[in-house]
Amino acid sequence: MGFFLETMLGGLMAGMLYSLVALGFVLIFKASGVFNFAQGAMVLFAALAMARFAEWFPAYTGIQSPLVANLVAFAAAGAVMFIAAWAVEGLVLRHLVNQEAATLLMATLGITYFLEGLGQGLFGNSIYKIDIGMPKDPIIAFESMFEGGVLINKEDLYAALIAAVLVAGLSLFFQKTSTGRALRAVADDHQAAQSIGIPLNRIWVIVWCVAGVVALVSGMIWGSKLGVQFSLATVALRALPVVILGGLTSVPGAIVGGLIIGVGEKLSEVYLGHYVGGGIEIWFAYVLALAFLLIRPQGLFGEKIIDRV
């Protein structure tokens, strides 16, 4: 039982990180109807900015405290993501309003390659480190309940807590603030929202900025765990099955879908992997998403896309 619980907790913590990346897809699609294939590049770009600023600020300003250096680097990287969000909306998407979905998808693919090239040009192409002080030593919990206790990775636990706090903050933002309610109105009906005076362009800039902050937190966490390298852009591919399972139009779906896939891939690898030679964790999420597309294409909590058009 202890081993099962240990595996399940590991899956839940991994699932929270998947959900965090999936939120970027959901937020932008709900507000603008754009499937943002550039979300992975945004995670990479934000992580590169965070890593390099955390190096540059102490070197040029003499900051000695790692905490202060990380806070300043986070703020600067956030400002960079805001500028990127404004540029994407103003220079690209504003000129593609009411275009076909395929056109918008191709535009986000172009943004992907542009951000990857710009990140390499501005911040370099080496492997960089983000050290935000998350402990990496594991702990043993519930020793009194299970023989040998349950081994928990501290870094994964802290990362999951950060992701949970951000998700809770976003939920409060959407429910309790006037801007959040405006975003929900735009998500429900663009034309109706515009008819009551909600400016769509400003809302789209805001939602891209929010998605940029989500990408920054995702990049900070994944960069701390894996290092900041250009393969980090593929982390978005891990979030695609989450979006399909939970629903492309549902924020709760992104969270629940991430948890289901995180737990499912860990348990299947541990308990079924030896029957098929291992490697289930690599493809489990995609097979589950494909099966779900055949049964319920809109996902667990999503609405049918055709109803939105």
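Everything here concerns the structure above.
Note that the structure is predicted; figures quoted are calculated from it, not measured. (Residues numbered from 1 in each chain as written. Predicted model: local features only at pLDDT ≥ 70, side-chain atom pairs only at ≥ 80, totals over all residues. Heavy atoms only, no water.)

Within the chain, the regular secondary structure consists of twelve helices and two strands. For the chain, the sequential pattern of α-helices and β-strands runs α-α-α-α-β-β-α-α-α-α-α-α-α-α. Scaling as 2.2 N^0.38, a compact globule of 309 residues should have a C-alpha radius of gyration of about 19 Å, and the chain matches this with 20 Å. Viewed in the frame of its principal axes, the chain has a C-alpha envelope of about 65 × 55 × 35 Å. When each of the 309 residues of the chain is scored for burial, the buried share is 48%. The long-range fraction of contacts in the chain, counting pairs at least 24 apart against all pairs at least 6 apart in sequence, stands at 73%. Charged side chains in the chain number 16 positive and 18 negative. The centres of these two groups are separated by 8 Å. (Helix = DSSP H or I, 4+ residues; strand = E, 2+ residues; numbered from the N terminus. Rg over C-alpha atoms; globule rule 2.2 N^0.38 Å. Buried < 20%, exposed > 50% of the residue type's maximum accessible area, 1.4 Å probe, protein only. Contact = heavy atoms within 4.5 Å. Lys, Arg positive; Asp, Glu negative; His and termini not counted. Charge placed at Lys NZ, Arg CZ, Asp CG, Glu CD.)

On to the layout of surface pockets, then. Considering only enclosed or pocket space, the second largest pocket measures out at about 490 Å³ in volume. Considering the residues around the second largest pocket, the lining is formed by 26 residues, among which Ala14, Asp156, Lys225, Lys266 and Glu281 are closest to the centre. Mapped onto the lining of the second largest pocket, the elements with two or more residues apiece are helix 1 (2-32), strand 2 (150-153), helix 8 (200-226), helix 9 (235-246) and helix 10 (251-272). Element by element, the count of residues in the lining of the second largest pocket is highest for helix 1, at eight residues. In terms of residue class, the lining of the second largest pocket is made up of 13 nonpolar, six polar and seven charged. (1 Å grid on protein atoms, 1.4 Å probe; cavity = no way out; pocket = protein on both sides within 12 Å on 5 of 7 lines; lining within 4 Å. Points joined across faces, edges and corners; volume = space filled by probe spheres on them. Nonpolar A, V, L, I, M, F, W, Y, C, P; charged D, E, K, R; others polar.)

This paragraph deals with the packing of helix 9 against helix 10. In the contact formed by helix 9 and helix 10, the axes pass within 8 Å of each other and the chain directions differ by 120°. It follows from the interaxial angle that helix 9 and helix 10 lie oblique. As helix 9 packs across helix 10, the resulting crossing turns out to be right-handed. The residues of helix 10 that touch helix 9, namely those facing Arg238, Pro241, Val242, Leu245 and Gly246, are Gly253, Ala254, Gly257, Gly258, Ile260, Ile261 and Glu265. Tallied by class, the residues present in the contact of helix 9 with helix 10 amount to six nonpolar, four polar and two charged. (Axes fitted to C-alpha atoms, helices over the stretch in contact; angles between N-to-C directions. Parallel < 35°, antiparallel > 145°, perpendicular 65-115°, else oblique. Left-handed = near helix turned anticlockwise from the far one by under 90°.)

On to the environment of alanine 239, then. Summarising the element assignment, alanine 239 is placed in helix 9. By relative accessible area, which is 1% here, alanine 239 ends up buried. In contact with alanine 239, other than residues within four places in its own chain, are Tyr18, Val21, Ala22 and Phe25.

Think of a ball as big as a water molecule: rolled over the atoms, this probe shows where empty space is left. A full pass over the atoms with the stated rule returns one cavity of 30 Å³ or more. For the largest cavity, the calculated volume is near 60 Å³. As for the largest cavity, its lining consists of Met42, Met81, Ala84, Ala85, Val88, Ile111, Leu115 and Trp208. Secondary structure elements with two or more residues in the lining of the largest cavity: helix 3 (66-91) and helix 4 (101-123). No other element matches the four residues that helix 3 contributes to the lining of the largest cavity. Looking at the lining of the largest cavity residue by residue, the class counts come to eight nonpolar, no polar and no charged.

Below, the discussion takes up helix 2 (residues 39-61). Taking 1.5 Å of rise per residue, the 23 residues of helix 2 would be expected to cover 33 Å, and the 32 Å separating its terminal C-alpha atoms lies within 8% of that figure. Directly after helix 2, the chain includes glycine 62, whose backbone phi takes a positive value near 80°. (Expected span 1.5 Å × (residues − 1).)

Applying the stated criterion to the full structure yields three salt bridges. With its nearest N and O atoms 2.7 Å apart, the salt bridge here joins glutamate 55 to arginine 52. Within this pair, glutamate 55 and its partner arginine 52 are both found in helix 2, separated by three residues, close to a single helical turn. Glutamate 55 sits in the partly exposed class, given a relative accessible area of 36%. (Salt bridge = Lys/Arg side-chain N within 4 Å of Asp/Glu carboxyl O.)

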